[in-house]
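Each chain, written out:
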Amino acid sequence: MEIVILRTPADVARTAADAIEQQVLSGPSVLGLATGSTPLGTYRELIQRHRNGGLSFAGAQAFLLDEYVGLPGTHPQSYHSVIRREFVDSVDFPAGTVHGLDGVAEDLDAEAARYEAAIAASGGVDIQILGIGSDGHVGFNEPMSSLASRTRIKTLTQQTRQDNARFFTDHAAVPDHVLTQGLGTILEARHLLLLAMGEAKAGAVAAAVEGPVAALCPASALQLHPHVTVLVDEAAASMLAHRAYYQDTFGRKPAWQGL
Ligand code: GLP
(Lines give C-alpha, C1' and ligand atoms only; values in the text may rest on other atoms or scores of the structure.)
Protein backbone atom coordinates (compact mmCIF):
# COMPACT_ATOMS: atom_id res chain seq x y z
CA MET A 1 0.00 0.00 0.00
CA GLU A 2 1.46 3.34 -1.00
CA ILE A 3 0.20 6.43 0.83
CA VAL A 4 0.63 9.67 -1.12
CA ILE A 5 -0.10 12.83 0.83
CA LEU A 6 -0.81 15.79 -1.42
CA ARG A 7 -1.39 19.40 -0.46
CA THR A 8 -4.86 20.05 -1.85
CA PRO A 9 -7.91 18.24 -3.30
CA ALA A 10 -6.89 19.62 -6.72
CA ASP A 11 -3.53 17.86 -6.38
CA VAL A 12 -5.35 14.61 -5.55
CA ALA A 13 -7.56 15.02 -8.65
CA ARG A 14 -4.59 15.75 -10.92
CA THR A 15 -2.57 12.80 -9.61
CA ALA A 16 -5.52 10.41 -9.95
CA ALA A 17 -6.14 11.68 -13.49
CA ASP A 18 -2.45 11.09 -14.29
CA ALA A 19 -2.77 7.43 -13.23
CA ILE A 20 -5.92 6.92 -15.28
CA GLU A 21 -4.47 8.71 -18.30
CA GLN A 22 -1.38 6.52 -18.14
CA GLN A 23 -3.56 3.40 -18.05
CA VAL A 24 -5.69 4.56 -20.99
CA LEU A 25 -2.62 5.45 -23.04
CA SER A 26 -1.12 2.02 -22.43
CA GLY A 27 -3.77 0.29 -24.60
CA PRO A 28 -7.33 -1.07 -24.38
CA SER A 29 -8.33 -0.57 -20.76
CA VAL A 30 -11.06 -1.52 -18.34
CA LEU A 31 -11.69 1.29 -15.88
CA GLY A 32 -13.53 0.94 -12.57
CA LEU A 33 -15.53 4.10 -11.93
CA ALA A 34 -16.83 5.32 -8.58
CA THR A 35 -19.55 7.83 -7.84
CA GLY A 36 -19.95 10.09 -4.80
CA SER A 37 -18.37 13.53 -4.64
CA THR A 38 -14.77 12.38 -4.13
CA PRO A 39 -13.86 11.52 -7.77
CA LEU A 40 -15.64 14.53 -9.32
CA GLY A 41 -12.45 16.61 -9.52
CA THR A 42 -10.68 13.70 -11.20
CA TYR A 43 -13.47 13.39 -13.76
CA ARG A 44 -13.35 17.15 -14.44
CA GLU A 45 -9.60 16.90 -14.95
CA LEU A 46 -10.01 13.97 -17.38
CA ILE A 47 -12.73 15.83 -19.30
CA GLN A 48 -10.41 18.80 -19.64
CA ARG A 49 -7.58 16.59 -20.90
CA HIS A 50 -10.02 15.02 -23.40
CA ARG A 51 -11.14 18.44 -24.68
CA ASN A 52 -7.80 20.21 -24.68
CA GLY A 53 -5.23 17.46 -24.91
CA GLY A 54 -6.98 14.87 -27.04
CA LEU A 55 -7.04 12.18 -24.35
CA SER A 56 -9.35 9.54 -25.79
CA PHE A 57 -11.41 6.83 -24.09
CA ALA A 58 -12.30 5.21 -27.43
CA GLY A 59 -10.31 2.12 -26.51
CA ALA A 60 -11.66 1.89 -22.98
CA GLN A 61 -14.65 0.40 -21.26
CA ALA A 62 -15.83 0.89 -17.70
CA PHE A 63 -17.73 -0.72 -14.84
CA LEU A 64 -19.47 1.16 -12.02
CA LEU A 65 -19.01 0.03 -8.45
CA ASP A 66 -22.56 0.13 -7.21
CA GLU A 67 -26.16 1.27 -7.67
CA TYR A 68 -29.20 2.12 -5.57
CA VAL A 69 -31.95 -0.50 -5.54
CA GLY A 70 -35.28 0.89 -6.69
CA LEU A 71 -33.93 3.80 -8.76
CA PRO A 72 -34.29 3.31 -12.52
CA GLY A 73 -31.31 4.35 -14.67
CA THR A 74 -33.26 7.46 -15.64
CA HIS A 75 -33.55 8.73 -12.01
CA PRO A 76 -31.18 11.71 -11.63
CA GLN A 77 -29.54 10.19 -8.53
CA SER A 78 -29.12 6.68 -9.94
CA TYR A 79 -25.41 6.07 -10.37
CA HIS A 80 -26.10 5.35 -14.07
CA SER A 81 -27.30 8.95 -14.45
CA VAL A 82 -24.66 10.46 -12.18
CA ILE A 83 -21.72 8.94 -14.03
CA ARG A 84 -23.17 9.95 -17.42
CA ARG A 85 -23.74 13.51 -16.24
CA GLU A 86 -20.44 13.95 -14.41
CA PHE A 87 -18.07 12.13 -16.77
CA VAL A 88 -19.12 9.70 -19.46
CA ASP A 89 -21.26 12.05 -21.61
CA SER A 90 -18.35 14.50 -21.82
CA VAL A 91 -15.77 12.06 -23.16
CA ASP A 92 -15.71 9.45 -25.93
CA PHE A 93 -16.31 5.97 -24.55
CA PRO A 94 -17.83 3.92 -27.40
CA ALA A 95 -21.60 3.45 -26.99
CA GLY A 96 -22.52 0.62 -24.64
CA THR A 97 -19.12 0.28 -23.01
CA VAL A 98 -19.92 1.86 -19.64
CA HIS A 99 -21.60 -0.82 -17.59
CA GLY A 100 -23.63 -0.53 -14.42
CA LEU A 101 -25.89 -2.57 -12.22
CA ASP A 102 -29.65 -2.47 -12.82
CA GLY A 103 -31.19 -1.35 -9.55
CA VAL A 104 -34.70 -2.17 -10.72
CA ALA A 105 -33.95 -5.68 -11.98
CA GLU A 106 -36.71 -8.09 -11.02
CA ASP A 107 -34.19 -10.66 -9.79
CA LEU A 108 -31.42 -8.80 -7.96
CA ASP A 109 -29.36 -11.93 -7.27
CA ALA A 110 -29.38 -12.77 -10.98
CA GLU A 111 -28.43 -9.18 -11.80
CA ALA A 112 -25.46 -9.41 -9.40
CA ALA A 113 -24.33 -12.68 -10.99
CA ARG A 114 -24.70 -11.20 -14.49
CA TYR A 115 -22.49 -8.28 -13.46
CA GLU A 116 -19.78 -10.51 -12.01
CA ALA A 117 -19.74 -12.48 -15.27
CA ALA A 118 -19.56 -9.28 -17.35
CA ILE A 119 -16.56 -8.01 -15.38
CA ALA A 120 -14.83 -11.37 -15.77
CA ALA A 121 -15.62 -11.48 -19.50
CA SER A 122 -14.02 -8.05 -19.96
CA GLY A 123 -10.73 -9.46 -18.68
CA GLY A 124 -11.06 -7.67 -15.34
CA VAL A 125 -10.64 -4.09 -14.19
CA ASP A 126 -7.22 -2.52 -14.82
CA ILE A 127 -7.59 0.46 -12.52
CA GLN A 128 -10.35 0.98 -9.97
CA ILE A 129 -11.13 4.41 -8.52
CA LEU A 130 -12.46 4.22 -4.97
CA GLY A 131 -13.77 6.75 -2.48
CA ILE A 132 -14.28 5.92 1.18
CA GLY A 133 -17.39 6.38 3.30
CA SER A 134 -17.13 8.04 6.70
CA ASP A 135 -17.84 4.58 8.17
CA GLY A 136 -15.01 3.02 6.13
CA HIS A 137 -17.16 1.61 3.33
CA VAL A 138 -15.86 1.15 -0.21
CA GLY A 139 -18.39 0.78 -2.99
CA PHE A 140 -21.39 0.23 -0.73
CA ASN A 141 -19.72 -2.49 1.35
CA GLU A 142 -20.84 -1.38 4.77
CA PRO A 143 -19.12 -2.41 8.03
CA MET A 144 -19.12 -6.18 8.57
CA SER A 145 -19.14 -6.89 4.83
CA SER A 146 -17.28 -10.11 4.21
CA LEU A 147 -13.77 -9.46 3.01
CA ALA A 148 -14.45 -12.17 0.39
CA SER A 149 -17.85 -10.79 -0.69
CA ARG A 150 -19.01 -10.68 -4.31
CA THR A 151 -21.55 -8.39 -6.00
CA ARG A 152 -24.79 -8.53 -4.02
CA ILE A 153 -27.55 -6.58 -2.32
CA LYS A 154 -26.65 -4.64 0.83
CA THR A 155 -28.61 -2.56 3.33
CA LEU A 156 -27.18 0.94 3.88
CA THR A 157 -26.27 2.07 7.38
CA GLN A 158 -28.20 5.07 8.66
CA GLN A 159 -24.86 6.93 8.70
CA THR A 160 -24.44 6.41 4.94
CA ARG A 161 -28.08 7.33 4.30
CA GLN A 162 -27.49 10.53 6.28
CA ASP A 163 -24.23 11.25 4.41
CA ASN A 164 -25.98 10.79 1.05
CA ALA A 165 -29.19 12.65 1.95
CA ARG A 166 -27.69 15.80 0.40
CA PHE A 167 -28.28 14.29 -3.04
CA PHE A 168 -31.99 13.63 -2.33
CA THR A 169 -34.92 15.74 -1.17
CA ASP A 170 -34.52 14.38 2.37
CA HIS A 171 -33.16 11.51 4.45
CA ALA A 172 -36.31 9.43 3.90
CA ALA A 173 -35.82 9.55 0.13
CA VAL A 174 -32.44 7.78 0.30
CA PRO A 175 -32.94 4.13 -0.66
CA ASP A 176 -32.39 1.50 2.05
CA HIS A 177 -30.84 -1.00 -0.33
CA VAL A 178 -28.11 -1.07 -2.95
CA LEU A 179 -26.30 -3.45 -5.26
CA THR A 180 -22.53 -3.26 -4.88
CA GLN A 181 -19.45 -5.02 -6.11
CA GLY A 182 -18.16 -7.08 -3.19
CA LEU A 183 -14.83 -6.57 -1.49
CA GLY A 184 -13.61 -9.79 -3.12
CA THR A 185 -14.69 -8.39 -6.51
CA ILE A 186 -12.96 -5.05 -5.93
CA LEU A 187 -9.77 -6.77 -4.77
CA GLU A 188 -9.50 -8.47 -8.17
CA ALA A 189 -8.91 -5.16 -9.97
CA ARG A 190 -5.24 -4.88 -10.89
CA HIS A 191 -4.62 -1.43 -9.42
CA LEU A 192 -6.73 0.21 -6.72
CA LEU A 193 -6.72 3.99 -6.40
CA LEU A 194 -8.32 5.13 -3.15
CA LEU A 195 -9.02 8.86 -2.98
CA ALA A 196 -9.95 10.84 0.12
CA MET A 197 -10.15 14.53 0.83
CA GLY A 198 -11.15 16.58 3.85
CA GLU A 199 -11.12 16.18 7.60
CA ALA A 200 -14.38 14.22 7.64
CA LYS A 201 -12.55 11.28 6.03
CA ALA A 202 -9.46 11.38 8.28
CA GLY A 203 -10.74 8.80 10.79
CA ALA A 204 -11.84 6.35 8.10
CA VAL A 205 -8.53 6.73 6.23
CA ALA A 206 -6.50 6.10 9.40
CA ALA A 207 -8.56 3.00 10.25
CA ALA A 208 -8.28 1.66 6.69
CA VAL A 209 -4.55 2.24 6.34
CA GLU A 210 -3.13 1.84 9.83
CA GLY A 211 -5.79 -0.18 11.62
CA PRO A 212 -6.14 -3.95 11.57
CA VAL A 213 -7.66 -5.73 8.56
CA ALA A 214 -11.20 -6.10 9.85
CA ALA A 215 -14.69 -6.38 8.41
CA LEU A 216 -15.68 -3.54 10.72
CA CYS A 217 -13.66 -1.22 8.45
CA PRO A 218 -14.28 -2.59 4.93
CA ALA A 219 -11.61 -0.36 3.33
CA SER A 220 -8.98 -2.10 5.48
CA ALA A 221 -9.39 -5.07 3.10
CA LEU A 222 -7.26 -3.06 0.67
CA GLN A 223 -4.23 -3.96 2.81
CA LEU A 224 -4.53 -7.45 1.27
CA HIS A 225 -4.08 -6.14 -2.29
CA PRO A 226 -0.65 -6.07 -3.97
CA HIS A 227 -1.07 -2.70 -5.73
CA VAL A 228 -2.94 0.02 -3.88
CA THR A 229 -2.31 3.76 -4.14
CA VAL A 230 -3.96 5.93 -1.48
CA LEU A 231 -4.14 9.57 -2.59
CA VAL A 232 -5.09 11.89 0.27
CA ASP A 233 -4.96 15.61 0.87
CA GLU A 234 -3.43 16.92 4.08
CA ALA A 235 -6.80 17.13 5.86
CA ALA A 236 -7.69 13.50 5.10
CA ALA A 237 -4.17 12.46 6.16
CA SER A 238 -4.34 14.36 9.44
CA MET A 239 -5.05 11.32 11.64
CA LEU A 240 -2.36 9.08 10.13
CA ALA A 241 0.33 8.33 12.71
CA HIS A 242 3.07 7.68 10.16
CA ARG A 243 2.70 10.70 7.86
CA ALA A 244 6.41 11.53 7.95
CA TYR A 245 7.34 8.00 6.89
CA TYR A 246 4.92 8.04 3.92
CA GLN A 247 6.17 11.46 2.80
CA ASP A 248 9.82 10.52 3.11
CA THR A 249 9.55 7.27 1.16
CA PHE A 250 7.33 8.76 -1.56
CA GLY A 251 9.72 11.71 -1.89
CA ARG A 252 12.65 9.33 -2.52
CA LYS A 253 10.78 6.94 -4.84
CA PRO A 254 12.43 6.53 -8.26
CA ALA A 255 10.34 8.51 -10.77
CA TRP A 256 10.40 5.65 -13.30
CA GLN A 257 8.33 3.51 -10.93
CA GLY A 258 5.24 5.68 -11.36
CA LEU A 259 2.26 5.02 -9.11
C1 GLP B 1 -20.88 6.64 -1.63
C2 GLP B 1 -20.46 5.62 -2.70
C3 GLP B 1 -19.01 5.28 -2.58
C4 GLP B 1 -18.28 6.55 -2.19
C5 GLP B 1 -18.62 6.91 -0.76
C6 GLP B 1 -18.11 8.27 -0.33
O7 GLP B 1 -22.10 6.50 -1.12
N8 GLP B 1 -21.23 4.43 -2.80
O9 GLP B 1 -18.53 4.73 -3.80
O10 GLP B 1 -16.91 6.36 -2.27
O11 GLP B 1 -19.99 6.73 -0.53
O12 GLP B 1 -18.87 9.30 -0.87
P13 GLP B 1 -18.33 10.75 -1.12
O14 GLP B 1 -17.26 10.62 -2.15
O15 GLP B 1 -19.50 11.54 -1.63
O16 GLP B 1 -17.80 11.24 0.16
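Keep in mind it's a predicted model, so treat the numbers as computed, not measured.

Caption draft 1: Inspection of the sheet that holds strand S10 (residues 228-233) at higher detail. Spatial strand order, S1-S10-S9-S6-S2-S3-S5: seven strands in an open sheet with parallel pairing. Among the strands making up the open sheet, the edge pair consists of strand S1 (2-6) and strand S5 (98-99). Sheet topology places strand S2 (residues 29-33) next to strand S6 (residues 127-130); two bridges connect them, and they run parallel. The residue bridging Gly32 from the neighbouring strand is Gln128, located in S6. Sitting on the sheet, helix H1 (residues 9-25) touches S1, S2, S6, strand S9 (191-196) and S10, and the angle it makes with S10 is about 155°.

Caption draft 2: Local environment of the site of the ligand. Around the ligand sit 13 residues in total, of which Ser37, Thr38, His137, Asn164 and Lys201 are the nearest. Within the side chain of Ser37, a nitrogen or oxygen atom sits 2.8 Å from an oxygen atom of the ligand. In the complex, the protein chains occlude 94% of the 390 Å² of accessible area that the ligand would expose alone. Counting atoms within 2 Å of the grid points, the majority share of the ligand lands in the largest pocket. Taken together, the residues that form the shell around the ligand break down as three nonpolar, seven polar and three charged.

Caption draft 3: Local environment of the nonpolar core. In terms of nonpolar packing, the biggest core is built from 78 residues, with Leu31, Leu33, Phe57, Tyr68, Phe87, Phe93 and Val232 touching the most fellow members. In terms of residues, this core owes the most to one element, H1, which gives six residues. What Phe93 contacts, discounting residues up to four positions off in sequence, is Leu31, Phe57, Ala60, Gln61, Ala62, Phe87, Val88 and Val98.

Caption draft 4: Geometry of the pairing of S10. Burial analysis of S10 places six of its six residues in the buried class, the great majority of the element. Neither face of S10 is open: one carries Val228, Val230 and Val232, the other Thr229, Leu231 and Asp233, and all of them are buried. Here S1 runs beside S10; their pairing, made up of five bridges, is parallel. Among the inter-strand pairings, Leu6 is bridged to a residue of S10, identified as Asp233. Of the pairings in the sheet, the one linking S9 to S10 comprises five bridges and is parallel in character.

Caption draft 5: Molecular detail of the pairing of S6. Alternating residues of S6 divide into Ile127 and Ile129 and Gln128 and Leu130, and every residue in both groups is buried. Judged from the four bridges that link them, S6 and S9 form a sheet pairing that is parallel. Considered in S9, the bridge of Leu130 is made with Leu194.

Caption draft 6: Summary view of helix H7 (residues 202-210). Residues of H7 that are buried include every one of Ala202, Ala204, Val205, Ala206, Ala208 and Val209, and no others. Looking at the buried residues of H7, the elements they touch are S1, S9, S10 and helix H8 (243-251).

Caption draft 7: Up close: the packing of aromatic side chains. In this structure the tally under the stated criterion is 10 aromatic pairs. Ring centres of Tyr43 and Phe87 lie 4.6 Å apart, and the angle between their planes is 15°; on these two criteria the pair is classed as stacked. With a gap of 44 residues between them, Tyr43 in helix H2 (residues 40-53) and Phe87 in the loop between helix H3 (79-86) and S5 connect regions that are remote in the sequence. Each member of the pair, Tyr43 together with Phe87, is buried. Ring plane angle 90° and centroid distance 5.5 Å describe the contact between Phe57 and Phe87, whose orientation is recorded as edge-to-face. Placement of the pair is Phe57 in the loop between H2 and strand S3 (60-64) and Phe87 in the loop between H3 and S5, with a sequence separation of 30 residues. Note on accessibility: Phe57 and Phe87 belong to one class, buried.

Caption draft 8: Just the packing of H1 against H2, in detail. Running from amino to carboxyl end, H1 crosses H2 at an angle of 55°, the nearest separation of the two axes being 8 Å. Judged by the angle between their axes, H1 and H2 are oblique. Crossing of H1 against H2: the hand is right-handed. Taking contact as the criterion, the partners of Ala13, Arg14, Ala16, Ala17, Asp18, Ile20 and Glu21 in H1 are, on H2, Gly41, Thr42, Glu45, Leu46 and Arg49.

Parameters at a glance
Residues numbered from 1 in each chain as written. Predicted model: local features only at pLDDT ≥ 70, side-chain atom pairs only at ≥ 80, totals over all residues. Heavy atoms only, no water. Pairing = 2+ DSSP bridges. Helix = DSSP H or I, 4+ residues; strand = E, 2+ residues; numbered from the N terminus. Contact = heavy atoms within 4.5 Å. Axes fitted to C-alpha atoms, helices over the stretch in contact; angles between N-to-C directions. Near = heavy atom within 4 Å. Polar contact = N/O pair within 3.5 Å; in protein donor to acceptor, adjacent residues only side chain to side chain. Areas by Shrake-Rupley, 256 points an atom, 1.4 Å probe, with all protein chains shown as cover. 1 Å grid on protein atoms, 1.4 Å probe; cavity = no way out; pocket = protein on both sides within 12 Å on 5 of 7 lines; lining within 4 Å. Sits in = over half its atoms within 2 Å of the grid points. Nonpolar A, V, L, I, M, F, W, Y, C, P; charged D, E, K, R; others polar. Core = buried A, V, L, I, M, F, W, Y, C linked by side-chain atoms within 4.5 Å. Buried < 20%, exposed > 50% of the residue type's maximum accessible area, 1.4 Å probe, protein only. Phe/Tyr/Trp six-rings, centres within 6.5 Å; stacked < 30°, edge-to-face > 60°. Parallel < 35°, antiparallel > 145°, perpendicular 65-115°, else oblique. Left-handed = near helix turned anticlockwise from the far one by under 90°.

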